[in-house]
Amino acid sequence: MDTDVLNAIERVPREAFVPAPLRGHSYENSALPIKSGQTISQPYIVAYMTQMLEPNPRNKVLEVGTGSGYQAAILAKLFRRVYSIERYRSLHTEAMQLFEKLKIMNLTTKLGDGHKGWLEQAPFKHIIVTAAAEDVPGALVDQLDDHGIMIIPVGPDEGDQTILKITKDHHGLVAEEELIPVRFVPLVQGLAVES
Ligand code: SAH
């Protein structure tokens, strides 16, 4: 519903992030497979999670799970700077090349395990995780700033998962709210081993 979020969705060409054979499905409201057995999320869920993050053009945001780069490109329209982490080298490299081609300058990516967050850039007022965690990673809670918001799907792989909104107040106290049921690929420990 948020006008700024809808504008961002309108200005990012989703077909650029979808594998060529599936390009005809780019504007359907469904998740689609990308390389390495991962998925580009359903546009509705991308918009919903972005809106729940309460974007602020003065702030930076941390994304865990770069994948195709689509969610990161939307965030880049709404935040001062995006930091995005991916555990597959191939996905990380392709997304970086795409950001360069699309001339998205306010986005920094790294290859790594998102469970650890991005210590050099912490704290963050906004953190979004785009893979389902079994439990909320402690390092991400630590790297969430006071008055910060984290949006993260939590639940077992292939099981019941819920998007949580985690907030910190000005005393650093953490609160949790359950939003909607979802189905995400799992947040996996460590770097991916690729052939
Ligand atoms: N935001 C992506 C969604 C990709 S699916 C998009 O818009 O396309 C989730 C991604 O999270 C996958 O690419 C997967 O490899 C990545 N991922 C899973 N566990 C991770 C971890 N521990 N650290 C970083 N990335 C992770």
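Above this text sits the structure in question.
Residues numbered from 1 in each chain as written. Predicted model: local features only at pLDDT ≥ 70, side-chain atom pairs only at ≥ 80, totals over all residues. Heavy atoms only, no water.

Visitor: What is the right way to read the site of the ligand from this model?
Guide: As a matter of local geometry, the ligand sits amid 27 residues, with S68, E86, D113, G114 and V188 nearest to it. Residue Q71 places a main-chain N or O atom 3.1 Å away from an oxygen atom belonging to the ligand. Between a nitrogen atom of the ligand and a side-chain N or O atom of D113, the distance comes to 2.8 Å. The fraction of the free accessible surface of the ligand (580 Å²) that becomes covered by protein chains is 100%. Here the ligand occupies the largest pocket. Per-class residue counts for the shell around the ligand are 11 nonpolar, 12 polar and 4 charged. (Near = heavy atom within 4 Å. Polar contact = N/O pair within 3.5 Å; in protein donor to acceptor, adjacent residues only side chain to side chain. Areas by Shrake-Rupley, 256 points an atom, 1.4 Å probe, with all protein chains shown as cover. 1 Å grid on protein atoms, 1.4 Å probe; cavity = no way out; pocket = protein on both sides within 12 Å on 5 of 7 lines; lining within 4 Å. Sits in = over half its atoms within 2 Å of the grid points. Nonpolar A, V, L, I, M, F, W, Y, C, P; charged D, E, K, R; others polar.)

Visitor: Just checking my understanding: could you explain the pairing of strand β3 (residues 60–64) for this structure?
Guide: Consecutive side chains of a regular strand alternate in pointing toward one face of the sheet and then the other. Burial within β3 is extensive, with 5 of its 5 residues counted as buried. Where burial is concerned, the two faces of β3 agree: the one with K60, L62 and V64 and the one with V61 and E63 are both buried. As for the winding sense of the linkage, the β-α-β connection from β3 through helix α3 (residues 70–78) to strand β4 (residues 81–86) is right-handed. Both β3 and strand β6 (residues 124–129) contribute to a ladder of 4 bridges, which runs parallel. What sits directly across from L62, in β6, is I127. (Buried < 20%, exposed > 50% of the residue type's maximum accessible area, 1.4 Å probe, protein only. Helix = DSSP H or I, 4+ residues; strand = E, 2+ residues; numbered from the N terminus. Right-handed = clockwise from strand over helix to strand, strands pointing away. Pairing = 2+ DSSP bridges.)

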